[in-house]
Amino acid sequence: MKKILLGIFLVLIAQTVWANHSAMIGGARDGLGLGMATERSFTDYFTGRFGVEATTGEDLTFAGDNPFLIFAGLKMPLVTIKDEPIAWGFGFVGNYGARTEQGEYLSLIFEKLYNNDAYFLETGLDWFGDHGHVEAQVGYRFLSY
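Heads up: these notes are all about the structure in this document. Think of each chain on its own: its residues are numbered from 1, step by step along the sequence as written. Restriction of local features to residues with pLDDT of at least 70 applies here, the model being predicted, together with a cutoff of 80 or more for giving and counting side-chain atom pairs; totals for whole chains, interfaces and linings are based on all residues. As a rule here, side-chain values come from all non-hydrogen atoms in the structure, and water together with hydrogens is ignored.

## Let's talk about the overall build of the chain
Within the chain one finds one helix and eight strands. Each residue is placed in one exposure class: buried if its accessible area under a 1.4 Å probe, protein chains only, is under 20% of its type's maximum, exposed if it is over 50%, and partly exposed if it falls in between. Split into buried and exposed, the 145 residues of the chain put 41% on the buried side. Pairs of residues are marked as contacts when any of their non-hydrogen atoms sit within 4.5 Å. For the chain, the share of sequence-separated contacts (at least 6 apart) that also reach a separation of at least 24 residues comes to 43%. In the structure as shown, the chain presents an accessible area of about 8,100 Å², 66% of it carried by carbon and sulfur atoms. Every helix listed is a DSSP run of H or I at least four residues long, and every strand listed is a run of E at least two residues long, numbered separately from the N terminus. The Shrake-Rupley method, run with a 1.4 Å probe, gives the accessible areas here. Residue values count only the displayed protein chains as cover.

Below is the structure:
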């Protein structure tokens, strides 16, 4: 529990200290999820990502088996289609609670939904060794450069 609280504290503090921008994210990821993410550009090609989400878990209750999800990874540009950039993200993900699981994630991130820099869509897969969860999340960036 202390690690989860520390992670939430770091997300809230880091968004004003070292992040290029923060985002509110939500959607389907091991049930329904809602949380915060931060991103920081290391170079023109690599962007670091970190996020914390509260999830319903597979049983769709907020007091379920794994109420917290934490992820950390990298994002890299993939292709631009009709002025809408698409990136891919990969890294580590953990579901924490009564049935703690840790694994990897791989996702496609559609950066400018409806030609708006603030909105993005992330789709992909969280993989936990012998099983996975599909992820589909919409996000809103708090643009602060």
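## Considering the pattern of salt bridges
Salt bridges are defined by distance alone: a side-chain nitrogen of Lys or Arg within 4 Å of a carboxyl oxygen of Asp or Glu. Within this structure, the stated rule accounts for 10 salt bridges. Taking the shortest distance from any N to any O, the salt bridge between K75 and E39 comes out at 3.0 Å. In this pair, K75 sits in strand β4 (residues 68-81) while E39 sits in strand β2 (residues 32-41), placing the two residues 36 residues apart along the sequence. K75 sits in the buried class, given a relative accessible area of 9%. Given a relative accessible area of 6%, E39 falls into the buried group. Each of the salt bridges in this network shares a partner with another, and the network as a whole consists of E39, R49, K75, E111, E122 and R141.

## Side note on the environment of A98
Relative to the helices and strands, A98 is located in the loop between β5 (84-96) and β6 (101-110). In this structure A98 comes out as exposed when scored by relative accessible area, which is 70%. Sequence separation between A98 and P67 is 31 residues; the distance between their C-alpha atoms is 8.7 Å. Those residues in contact with A98, other than ones at most four positions away along the chain, are D65 and N66.

## A short note on the nonpolar core
Grouping buried Ala, Val, Leu, Ile, Met, Phe, Trp, Tyr and Cys residues that are joined through side-chain atoms within 4.5 Å yields what is termed a nonpolar core. Ranked by size, the top nonpolar core spans 11 residues in total: A23, I25, A37, L69, F71, A87, V93, Y105, I109, F120 and F128. Residue assignment for this core shows that the elements contributing at least two residues are β1 (21-29), β4, β5 and β6. Aside from chain neighbours lying at most four places away, what touches I25 is G33, L34, G35, M36, A37, E53, F71, F120, Q137, V138 and G139.

## Topic: unusual backbone geometry
Positive phi values are uncommon outside glycine, yet D83 reaches one of about 60 degrees. In this fold, D83 is placed in the loop between β4 and β5. The class of D83 is exposed, set by a relative accessible area of 61%.

## Examining a nonpolar patch on the surface
Distance thresholds for patches are 9 Å for like charges and 5 Å for nonpolar side chains (Val, Leu, Ile, Met, Phe, Trp, Tyr), applied to residues having over 30% relative accessible area and no salt bridge. A contiguous nonpolar surface patch, about 470 Å² in accessible area, is contributed by M24, L34, Y119, Y140 and F142. Along the chain, Y119 falls in strand β7 (residues 119-127).

## Points about the environment of A136
Within the secondary structure, A136 is located in strand β8 (residues 132-143). Counting along the chain gives 109 residues from A136 to G27, while the straight-line C-alpha distance between them is 5.9 Å. Ignoring any residue separated from it by four or fewer positions in sequence, one finds A136 in contact with G27, A28, E122 and T123.

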